[in-house]
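# Examining the three-dimensional arrangement
Residues per chain, in single letters:
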Amino acid sequence: MTVVEQVTKAIENVFLMHGQVNPRCVTDPSEDPGEWAPNAHAIIYHTGNMPSISRLREWGQVSDQLGKSPTWYYVEAINPEVSAVYSL
């Protein structure tokens, strides 16, 4: 499973959005037209029905679901509309 797929699944689980995440809202950095974070593992656009990054507790839960060994991932806000997923 790719990091983008893992992020999408974690968002669906935490925000109860099963099958509702727009694939253009979670993208691989190599395909990101905004080139926000080329060294990240995934880019999240908080547009459409994607929950706001201001919902810190829930985004922390997304990070918790991604934080599994051997690679630990976490969500970090870039601005109110864009977040990136990095590894520790």
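The structure contained in this document is the topic of the report that follows.

## Here we look at the packing of aromatic side chains
Overall, the coordinates contain 2 aromatic pairs when judged by the stated rule. Considering the side-chain rings of F15 and W59, the 5.0 Å spacing of their centres and the 50° angle between planes classify their relative orientation as tilted. Of the two residues, F15 is situated in helix α1 (residues 3–15) and W59 in helix α2 (residues 56–66); the sequence distance between them amounts to 44 residues. For the ring pair Y74 and Y86, a centre distance of 6.0 Å and an interplane angle of 35° mean the geometry is tilted. Of this pair, Y74 sits in strand β4 (residues 71–79) while Y86 sits in strand β5 (residues 82–87), and the two are 12 residues apart along the sequence. Residue classification places Y86 among the partly exposed residues on the basis of a relative accessible area of 21%.

## Remarks on the pattern of salt bridges
Any two side chains of opposite charge can pair if their charged atoms end up close together. Scanning all chains against the criterion turns up 2 salt bridges. What emerges from the salt-bridge pattern is a single network uniting R55, R57 and E58.

## Topic: the pairing of strand β2 (residues 42–45)
Remark: a regular strand shows side chains that alternate across the two faces of the sheet. What you see with β2 is no split at all: A42 and I44 on one side and I43 and Y45 on the other are buried throughout. The pairing of strand β1 (residues 26–27) with β2 spans 2 bridges and is antiparallel. By the bridge assignment for β2, V26 is matched with I44. With 4 bridges joining them, β2 and β5 adopt antiparallel strand pairing. Considered in β5, the bridge of I44 is made with S83.

Thresholds applied
Residues numbered from 1 in each chain as written. Predicted model: local features only at pLDDT ≥ 70, side-chain atom pairs only at ≥ 80, totals over all residues. Heavy atoms only, no water. Phe/Tyr/Trp six-rings, centres within 6.5 Å; stacked < 30°, edge-to-face > 60°. Helix = DSSP H or I, 4+ residues; strand = E, 2+ residues; numbered from the N terminus. Buried < 20%, exposed > 50% of the residue type's maximum accessible area, 1.4 Å probe, protein only. Salt bridge = Lys/Arg side-chain N within 4 Å of Asp/Glu carboxyl O. Pairing = 2+ DSSP bridges.

Honestly, it's all geometry; don't read function into it.
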